[in-house]
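# Report on the structure
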Amino acid sequence: MKNINPTTTRAWKELDQHFKEIKDEHMRDMFSNDKERAAKFTMQWEDFYVDISKNRINETTRELLLKLAEECKLEEAIESYFSGEAINQTENRPVLHTALRAAKDAEIKVRGENVVPEVEEVKEKIRAFCEEIISGERKGYTGKAFTDVVNIGIGGSDLGPVMVTESLEFYKNHLKMHFISNVDGDHVHETIKDLNPETTLFLVVSKTFTTMETLSNATTVREWFLKSVPEKEVSKHFVAVSTNLEKVEGFGIDRENIFPMWDWVGGRFSLWSAVGLSISLAIGYDNFASLLEGARKMDEHFKATPFKENMPVQLALLTIWYNNFFKAESEAVIPYSQYLDKFPSYLQQAIMESNGKSVDRNGEEVDYETGTIIWGEPGTNSQHAFFQLIHQGTKLIPADFIGFKRSLFGDKSHQDKLMANYFAQTEALLNGKSEAEVVDELKAKSFSQEEIDRIKTFKVFKGNNPTTTILIDKLTPESMGKLIAMYEHQIFVQGVIWNIFSYDQWGVELGKQLANKILADFESKSVEDHDSSTKNLLEFYLK
Ligand SMILES: O=P(O)(O)OC[C@H]1O[C@](O)(CO)[C@@H](O)[C@@H]1O
């Protein structure tokens, strides 16, 4: 059976027509014409309150988007996703990050074998290891307890761990965490310069153990370590997380110091596996388990909730509405919590590496837009940086506003100011400010008519800028797990509707191959085999 091109569905055609009817409607009027609007477009589940009413949709839009999901066989796709079918067809693998947080007694089969017992075994290894390191029972080569942990990894082997570790900083213990990702030697040396090898633990994290950045960084760190420590002590200070046990052993890390993972876990969805070892070390295994539990609850919500009330489904359908009908070029994610500083960068990999595809599941070039561009920064900082463009620029930028009802230190005065801004921005983006309002305001400030006429147009805000408000009770390991999993499933739904394979990343391979070629050219000092621009640049660099 051919996979469905979404643009050939009846729902798509109806959405096209519906879009023409609704595209100029102002959300201000939608609200004043329907007093029930907010209630109709709000979803509540556990500690999550998600309000999508400040979006340029009405009930018909929602119905048609749901019809699109049905025609694209979303329900069947979810079943295949969770049951371990090889939905990553270009790599012939299942996509089972959900198995990493499944209940202990769940049965999830990969190639006929239930993988849950093996997952539990690795979790037990993580738990025991973290407890020994945190308590100081397991020590470095001179008998001192560990004080610092360095995670060496890149992409999914870095972004998830660093983002969660920083997001859950409040729950952290005494261990100081460091993350080395970039192959930039300055990054490596800046990180290790003040570390004491006697009390530092290194985690080399690479699913494939072939990634140039991680192997180079790990080699440099190992050499630095061996400058002051005998080689036999490496096993006390270096552990690895990988699927590639032979390569790790080849690097000189003992088999008992390897935490395995599996090819059915995609790098950008791997923080729930042993890739999250740094998270578990930083916040303790019990908190790591709560993070997983939150994600498991979101998995259940996603599987069992009717699509109309289903948070990941509704968020995904909105992105399709803006991306494919409004032709919005990007989406912003604005967390109103400084702890979530790295959340937008984490989502950039999760979303853009997954859905940046232009060939559909039939192997044909798509003739519609896919993958959305994601960017963002925490509020209120971002209000003083790029919000001007969202409010008064020419581009339509739908934005997710993530906030928490309660702060962690309980400073109500700050929390109220932070959240006043959070609510105010979505209200301002919705309503804008009309010319009449601007004129009244200027008159009240005793501006002359001449001055009013001169400046009024600059002060008008058109409004009608869509936002989704994701309001969560409190930032905890569990709510963080739910939040991340919500976006993971949003990515899945987008991929199903766009009819693309979300779980490979062939697009990053070419650059890697060329980097290796150029590295070889540096050695041989021969740069002939390049386009003239690259050749000139290489010559200039080598001079
Ligand atoms: O964990 P590895 O195998 O070192 O890969 C790191 C990253 O490289 C990629 O394969 C490509 O950037 C990512 O998907 C992955 O997260």
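Residues numbered from 1 in each chain as written. Predicted model: local features only at pLDDT ≥ 70, side-chain atom pairs only at ≥ 80, totals over all residues. Heavy atoms only, no water.

Strands sit in the order β1-β2-β13-β12-β10-β11 across an open sheet of 6 strands; the sheet is mixed. Of all strands in the sheet, those with a lone pairing partner are β1 (42-45) and β11 (373-375), marking the two edges. Recorded for the sheet is a direction-independent mean angle of 15° between the axes of neighbouring strands. Inspection of the sheet shows strand β12 (residues 399-406) paired to strand β13 (residues 467-474) by 7 bridges, in the parallel sense. In the sheet register, aspartate 400 faces β13, and the bridge partner there is threonine 468. (Pairing = 2+ DSSP bridges. Helix = DSSP H or I, 4+ residues; strand = E, 2+ residues; numbered from the N terminus. Axes fitted to C-alpha atoms, helices over the stretch in contact; angles between N-to-C directions.)

Among the 8 residues of β13, 6 are classified as buried, and the element is accordingly described as predominantly covered. Sheet analysis places strand β2 (residues 48-51) next to β13, joined by 4 bridges and oriented antiparallel. Residue tyrosine 49 lies in a different strand from β13, and its bridge partner there is leucine 471. (Buried < 20%, exposed > 50% of the residue type's maximum accessible area, 1.4 Å probe, protein only.)

Before going further, it helps to spend a moment on the pattern of salt bridges. Per the stated rule, a full pass over the model turns up 39 salt bridges. A salt bridge links lysine 456 to aspartate 453; its shortest N-O distance comes to 3.6 Å. (Salt bridge = Lys/Arg side-chain N within 4 Å of Asp/Glu carboxyl O.)

Relative orientation of the contacting elements helix α5 (residues 74-83) and helix α13 (residues 285-304) amounts to 150°, with a least axis distance of 10 Å. Every residue of α13 that contacts α5 at Ile78, Tyr81 and Phe82 is listed here: Asp299, Phe302 and Lys303. Tallied by class, the residues present in the contact of α5 with α13 amount to 4 nonpolar, no polar and 2 charged. (Contact = heavy atoms within 4.5 Å. Nonpolar A, V, L, I, M, F, W, Y, C, P; charged D, E, K, R; others polar.)

This paragraph deals with the packing of aromatic side chains. Remark: the centre distance and the inter-plane angle together describe each pair of aromatic rings, the angle taken between the planes. Within the structure shown, the criterion is met by 36 aromatic pairs. With centroids separated by 5.0 Å and ring planes inclined at 75°, the aromatic side chains of tyrosine 422 and phenylalanine 423 adopt a geometry described as edge-to-face. Using a relative accessible area of 0% as the deciding quantity, one classes tyrosine 422 as buried. Note on phenylalanine 423: relative accessible area 41%, which makes it partly exposed. The cationic tip of lysine 125 hangs over the ring face of phenylalanine 259; the distance from NZ or CZ to the ring centre is 5.1 Å. Over the face of the ring belonging to phenylalanine 251 we find arginine 222, whose NZ or CZ atom lies 5.7 Å from the ring centre. (Phe/Tyr/Trp six-rings, centres within 6.5 Å; stacked < 30°, edge-to-face > 60°. Lys NZ or Arg CZ within 6 Å of the ring centre and 35° of its normal.)

This next bit is on the site of the ligand. The full set close to the ligand counts 15 residues, and Ser157, Ser206, Thr208, Thr211 and Glu353 are the nearest of them. A distance of 2.6 Å is found between an oxygen atom of the ligand and a side-chain nitrogen or oxygen belonging to threonine 208. A distance of 2.5 Å separates an oxygen atom of the ligand from a polar atom in the side chain of glutamate 353. Here the ligand has 400 Å² of accessible area as a free molecule, and 88% of this is covered by the chains. For the shell around the ligand, the residue count by class is 2 nonpolar, 9 polar and 4 charged. (Near = heavy atom within 4 Å. Polar contact = N/O pair within 3.5 Å; in protein donor to acceptor, adjacent residues only side chain to side chain. Areas by Shrake-Rupley, 256 points an atom, 1.4 Å probe, with all protein chains shown as cover.)

Now for the domain arrangement of the protein. Annotation of the protein at the domain level lists domain 1 (6-72 + 305-431 + 466-504), domain 2 (97-288) and domain 3 (507-542). The distance between the C-alpha centroids of domain 1 and domain 2 comes to 33 Å. Looking at the side of domain 1 facing domain 2, the largest losses of area belong to Tyr346, Pro477 and Glu488, adding up to 28% of the total buried there. Remark: the boundary between domain 1 and domain 2 carries 3 salt bridges. The partner of arginine 268 in a salt bridge is glutamate 353, and the shortest N-O contact between them spans 2.9 Å. Breaking the side of domain 1 that touches domain 2 down by element, the ones donating at least two residues are α15 (343-355) and α20 (477-498). Sorting elements by how many residues they give to the side of domain 1 that touches domain 2 places α20 first, with 8 residues. Among the residues making up the side of domain 1 that touches domain 2, the classes are represented as 14 nonpolar, 7 polar and 5 charged. (Domains from an automatic or database assignment. Buried area = accessible area lost by both parts, 1.4 Å probe.)

Our focus in this paragraph is the pairing of strand β6 (residues 176-180). For β6, a buried count of 4 out of 5 residues is recorded, marking the element as mostly surrounded by other parts of the structure. Pairing analysis gives 5 bridges linking strand β5 (residues 148-152) to β6, with the strands arranged parallel. Bridged to asparagine 151 within β6 is phenylalanine 179. Note on the crossover from β5 through helix α7 (residues 159-167) to β6: the handedness is right-handed. (Right-handed = clockwise from strand over helix to strand, strands pointing away.)

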